[in-house]
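# Breakdown of the fold
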Amino acid sequence: MRGANIFVGVTVVLWLVIASIGFSLIQGVVSQHVPGYPSSAQIRFLVIYPLLIAATLVVCAWLCNRGAGRPALLGCLSGTAMLVFFPYFLGFGGGV
């Protein structure tokens, strides 16, 4: 169970870093007073979704540790969140 918990911790930290970067990007746009920006879709994409993924992983880790320890389930969830991390991060660049 310890390895699965460490994997969850690393994945949660990555998603929190993404949320932090997204928040600083939103703050940069707000400080420039650009009309119409940031939109609610940008706020959701840059801040809310990464926080939701991190919170979901923490809750799943808590439930798996509290219940009948399921390290395989926890590892699969963390692995999926880690695999989604890199394509999701590509969206921060605005695309080509």
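Residues numbered from 1 in each chain as written. Predicted model: local features only at pLDDT ≥ 70, side-chain atom pairs only at ≥ 80, totals over all residues. Heavy atoms only, no water.

### A short note on the overall build of the protein chain
Helix and strand counts for the protein chain come out as three helices and zero strands. Helices (α) and strands (β) of the protein chain occur, in sequence order from the N terminus, as α-α-α. Relative to its length of 96 residues, the protein chain is extended, with a C-alpha radius of gyration of 16 Å against a globular reference of 12 Å. By principal-axis analysis of the C-alpha atoms, the protein chain measures approximately 50 × 25 × 15 Å. Counting only residues that meet the buried cut, the protein chain has 25% of its 96 residues in that class. (Helix = DSSP H or I, 4+ residues; strand = E, 2+ residues; numbered from the N terminus. Rg over C-alpha atoms; globule rule 2.2 N^0.38 Å. Buried < 20%, exposed > 50% of the residue type's maximum accessible area, 1.4 Å probe, protein only.)

### Things to note about the nonpolar core
With 17 residues, the main nonpolar core has Val8, Trp15, Leu57 and Leu74 as its most contacted residues. Put simply, the parts of the chain that give this core at least two residues each are helix H1 (2-31), helix H2 (40-66) and helix H3 (71-90). With residues near it in sequence (within four places) discarded, valine 8 still touches Leu57, Ala61, Leu74 and Ser78. (Core = buried A, V, L, I, M, F, W, Y, C linked by side-chain atoms within 4.5 Å. Contact = heavy atoms within 4.5 Å.)

### Thoughts on the environment of glycine 93
As for its position among the elements, glycine 93 is in the segment after H3. Using a relative accessible area of 65% as the deciding quantity, one classes glycine 93 as exposed. In this structure the C-alpha to C-alpha distance between glycine 93 and valine 30, which are 63 residues apart in sequence, comes to 18 Å.

### Topic: unusual backbone geometry
Along the chain, tyrosine 37 connects to proline 38 via a cis peptide bond; the corresponding omega equals -5°. You will see that histidine 33, though not glycine, has its phi angle at about 55°, which is positive. Mapped onto the elements, histidine 33 comes out in the loop between H1 and H2.

### Examining the environment of arginine 44
One can find arginine 44 in helix H2. Residue classification places arginine 44 among the partly exposed positions, given a relative accessible area of 37%. If we skip the residues at most four places from it in the chain, arginine 44 touches Tyr49, Pro50 and Tyr88.

Coordinates in, geometry out; function isn't part of it.
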